[in-house]
Amino acid sequence: MKIRSVDIYILDLPTIRPHQLAMHTIVEQTLVVACLTDEAGNEGWSEVATIGGASYGESTPEAIKVNIDRYISPLIIGKEPVHFDKIMYGISKHVRGNYFAKSLIEAAMVDLTARSKEVPAFELFGGQIHKSLPVAWTLASGDTDRDIEEAKELLHQKRHNIFKLKIGKGDPIKNVEHVLEIKKAVGDEARLTVDVNQAWDEDTANACIARLEDGGISMIEQPLPTWNNEGMARLTSRFKVPIMADESANSIQDCFQIAKHRAGNSIALKVCKAGGMTQTKKVAAIAEAAGIGLYGGTMIESSLGTAICAQLYSTIPEMKFGTELFGPLLFKDTITVNDIQYENFEIIIPDGVGFGVEIDKEKVQHYSREI
Ligand code: MUC
Ligand code: MG
């Protein structure tokens, strides 16, 4: 059944507490949601999330919407969504970059297709391998005592035993002390990682990672700016603690270069960064071939975006570092009728038809805003 229309919504969804990253503090997360309708009136829905307008990455919510409305929609109207890979190849010939926009459109075609076949979307990606995956929580309240309290409570609830600490804002030495204080408080009960979000130069990274490694921190995510693959390679060979590429690992070509130059020995997958589910599977193949460990990353999507990532990650054989698909738990509200389930430190992969979550159209309207 051919695609008849494409509707793109920008939503601001409030968080349960401020979420502080090196470059931006999230109090309202901006989501972009797509609805594709076919000629029979069937719908396919998808979501991507963005962080801090243009401060995290190049894809802003407004650019995603405008570029889809103007340049991508005309390339998919009248096409059969079941040909999503062929259609995306066609789009790549006319639209450069714009990975988040491409990811949003591909996922909506996947949802439409899976629903028409009455199967979960992971059936279109070779089948589900994992029924659940480990899930980290990000401690990012901006306050050490509050982070410790949060970690202890979540351990007690058996919701998370892997914590990622957002650092990189302010004095690097204070950042390290903050991390080590939390590590001391939670001890061996939890695994702690840090995400610097590109905030350090190489000298700072060398000094800080040495102390973090000694302190038992188990992963260092994107310590250097995206342009500094050579620096990332030097850190990777110097330290035993895994160095993870996140913002520097977007397209399949980026990931190939990272693998080739060992500019990181682990990669944070994010469906939106790679330009869609199909491309993310290709990133996973590059990593598998190069012996690079994979992590199921998030841009802090709500339930729909999280279901898309969860279903895709569930088809990848080796998710060495687990996932951080905690997004829905950071929001005050949801845009789907059913919630993602978390149990015993893991996310349960939704396995209903499509992405396994049903959109709540009233909520989409309620949280929508104009450009
Ligand atoms: C990022 O940089 O990884 C993921 C978890 C979180 O707290 O922020 C995001 C973005
Ligand atoms: Mg990151």
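What counts, and where the lines are drawn
- All residue numbers here refer to positions counted from 1 along the written sequence of the relevant chain.
- Chains carry letters from A onward and ligands carry numbers from 1 onward, assigned in written order.
- Only residues with pLDDT of at least 70 are given local features in this predicted model, and only at 80 or more are side-chain atom pairs given and counted; all residues enter the totals for whole chains, interfaces and linings.
- Heavy atoms throughout the structure, all of them, feed into the side-chain values; hydrogens and water do not.
- Working definition: helices are DSSP H or I runs of at least four residues, strands are E runs of at least two. Numbering for both runs from the N terminus.
- Here the globule rule reads 2.2 Å times residues to the power 0.38, and the radius of gyration is calculated from C-alpha atoms.
- In this analysis, two residues are considered to be in contact whenever any of their non-hydrogen atoms come within 4.5 Å of each other.
- Accessibility throughout is a Shrake-Rupley quantity obtained with a 1.4 Å probe, and a residue counts as covered only by protein chains that appear here.
- Relative accessible area decides the class of each residue, using a 1.4 Å probe on protein chains only: under 20% of the type maximum gives buried, over 50% gives exposed, and in between gives partly exposed.
- Throughout, the arc means that of the directions going from the helix axis to the C-beta atoms.
- The donor set comprises N, O and S atoms within 2.8 Å of the metal, extended to 3.2 Å for Na, K and Ca; water molecules are omitted, so apparent gaps in a site may simply reflect that omission.
- Proximity is defined per residue: any heavy atom of the residue falling within 4 Å of a molecule or strand makes that residue near it.
- We call two N or O atoms a polar contact when they sit within 3.5 Å, provided that within protein one can donate a hydrogen and the other can accept it, with sequence-adjacent residues counted only if both atoms are side-chain atoms.
- Only Asp, Glu, Lys and Arg are considered charged in this grouping, and only Ala, Val, Leu, Ile, Met, Phe, Trp, Tyr, Cys and Pro are considered nonpolar; every other residue, Gly among them, is considered polar.
- Domain ranges listed in this record stem from an automatic or a database domain assignment.
- Put simply, buried area is the surface a 1.4 Å probe can reach on two separate parts but cannot reach once they are joined, added for both.
- Think of a salt bridge as a Lys or Arg side-chain nitrogen and an Asp or Glu carboxyl oxygen that are within 4 Å of each other.
- In this scheme, strands are said to pair when DSSP sees at least two bridges between them.
- Whenever a helix is involved, its axis is fitted only over the stretch in contact; in every case the axis is a line through C-alpha atoms, and angles between N-to-C directions fall within 0 to 180 degrees.
- Residues enter patches when their relative accessible area tops 30% and they take part in no salt bridge; the joining distance is 9 Å for like charges and 5 Å for the nonpolar side chains Val, Leu, Ile, Met, Phe, Trp and Tyr.
- When charges are counted, neither His nor the chain ends are considered; positive counts come from Lys and Arg and negative counts from Asp and Glu.
- Positions of charges follow a simple convention, taking NZ of Lys, CZ of Arg, CG of Asp or CD of Glu.

Enquirer: Summarise the overall build of the protein chain; cite the residues concerned and give the values.
Expert: Looking only at helices and strands, one finds 12 helices and 14 strands in the protein chain. The globule rule puts the C-alpha radius of gyration for 371 residues at 21 Å, and the 20 Å found for the protein chain is close to it. Seen along its three principal axes, the alpha-carbon backbone of the protein chain occupies a region of about 60 × 40 × 40 Å. Pairs at least 24 residues apart make up 72% of the contacts formed inside the protein chain by residues separated by at least 6 positions. Here the protein chain displays about 15,000 Å² of accessible surface, and carbon together with sulfur accounts for 48% of that area.

Enquirer: How would you explain helix 8 (residues 252–261) if you had to name every residue and give the values?
Expert: If you check which residues of helix 8 are buried, you get Ile-252, Cys-255, Ile-258 and Ala-259. All buried residues of helix 8 lie within an arc of 120 degrees about the axis, which places them on one face of the element. Facing away from the buried side of helix 8 by over 90 degrees, the exposed positions are Gln-253 and Lys-260. Where helix 8 terminates, the next one or two residues include Arg-262, which has phi positive at roughly 55 degrees.

Enquirer: An account of the coordination of the magnesium ion (ligand 2) is requested, with residue identities and associated values reported.
Expert: Here the magnesium ion (ligand 2) is held by Asp-195 (OD), Glu-221 (OE) and Asp-246 (OD), and the distances to it run 2.0 to 2.2 Å. Sequence positions of the donors to the magnesium ion (ligand 2) reduce to the motif D-x25-E-x24-D. Highlighted residues: Glu-221 in strand 8 (residues 219–221) and Asp-246 in the loop between strand 9 (243–245) and helix 8, separated in sequence by 25 residues.

Enquirer: Account for the site of ligand 1, with residues named and values stated.
Expert: Every one of the 15 residues lining ligand 1 counts as a neighbour, but His-19, Tyr-56, Lys-164, Asp-195 and Asn-197 are closest to it. For ligand 1, an oxygen atom lies 2.7 Å from a polar atom in the side chain of Tyr-56. Take Thr-138: an N or O atom from its side chain is 3.0 Å from an oxygen atom of ligand 1. Coverage of ligand 1 by the protein chains reaches 100% of its 280 Å² of free accessible surface. Its residues assigned to classes, the shell around ligand 1 shows 4 nonpolar, 4 polar and 7 charged. Two domains each put at least three residues into the shell around ligand 1: domain 1 (3–118 + 359–369) and domain 2 (124–348).

Enquirer: Can you lay out the domain arrangement of the protein chain for me, pointing to particular residues and giving the numbers?
Expert: Domains assigned within the protein chain are domain 1 (3–118 + 359–369) and domain 2 (124–348). Its C-alpha centre places domain 1 at a distance of 23 Å from the equivalent point of domain 2. Opposite the 41 residues of domain 1 that make contact, domain 2 presents 48 residues. Interface of domain 1 and domain 2: buried area, both sides summed, is about 3,700 Å²; carbon and sulfur atoms make up 64% of it. Three residues, Arg-17, Gln-20 and Tyr-56, lead the burial of domain 1 against domain 2; their summed loss comes to 18% of the area buried on that side. Between domain 1 and domain 2 we count 2 salt bridges in total. In this structure, Asp-333 engages Lys-363 in a salt bridge whose closest nitrogen and oxygen atoms are separated by 3.0 Å. At the boundary of domain 1 and domain 2, one finds 17 residue pairs in polar contact (both at pLDDT 80 or more). Elements represented by at least two residues in the side of domain 1 that touches domain 2 include exactly strand 1 (3–20), strand 2 (25–38), strand 3 (43–50), helix 2 (84–92), helix 3 (99–117) and helix 12 (361–367).

Enquirer: Explain the sheet that holds strand 14 (residues 368–369) residue by residue, including any values.
Expert: On the basis of which strands lie adjacent, the open sheet formed by 4 strands has the order 3-2-1-14 and antiparallel pairing. Bordering the open sheet on either side are strand 3 and strand 14, each of which pairs with just one other strand. Where strand 2 and strand 3 come together, 8 bridges link them in antiparallel fashion. Pairing of Val-33 across the sheet is with Glu-47, part of strand 3. Strands in contact with helix 3 are strand 1, strand 2 and strand 3; relative to strand 3, the strand with the most contacts, it is inclined by about 150 degrees.

Enquirer: A description of a negative patch on the surface should follow, citing residues and the corresponding values.
Expert: A cluster of acidic residues, Asp-143, Asp-145, Glu-149, Glu-153, Asp-171, Glu-177 and Glu-181, forms a negative patch on the protein surface. Elements with a minimum of two residues in the negative patch: helix 4 (144–156) and helix 5 (172–186).

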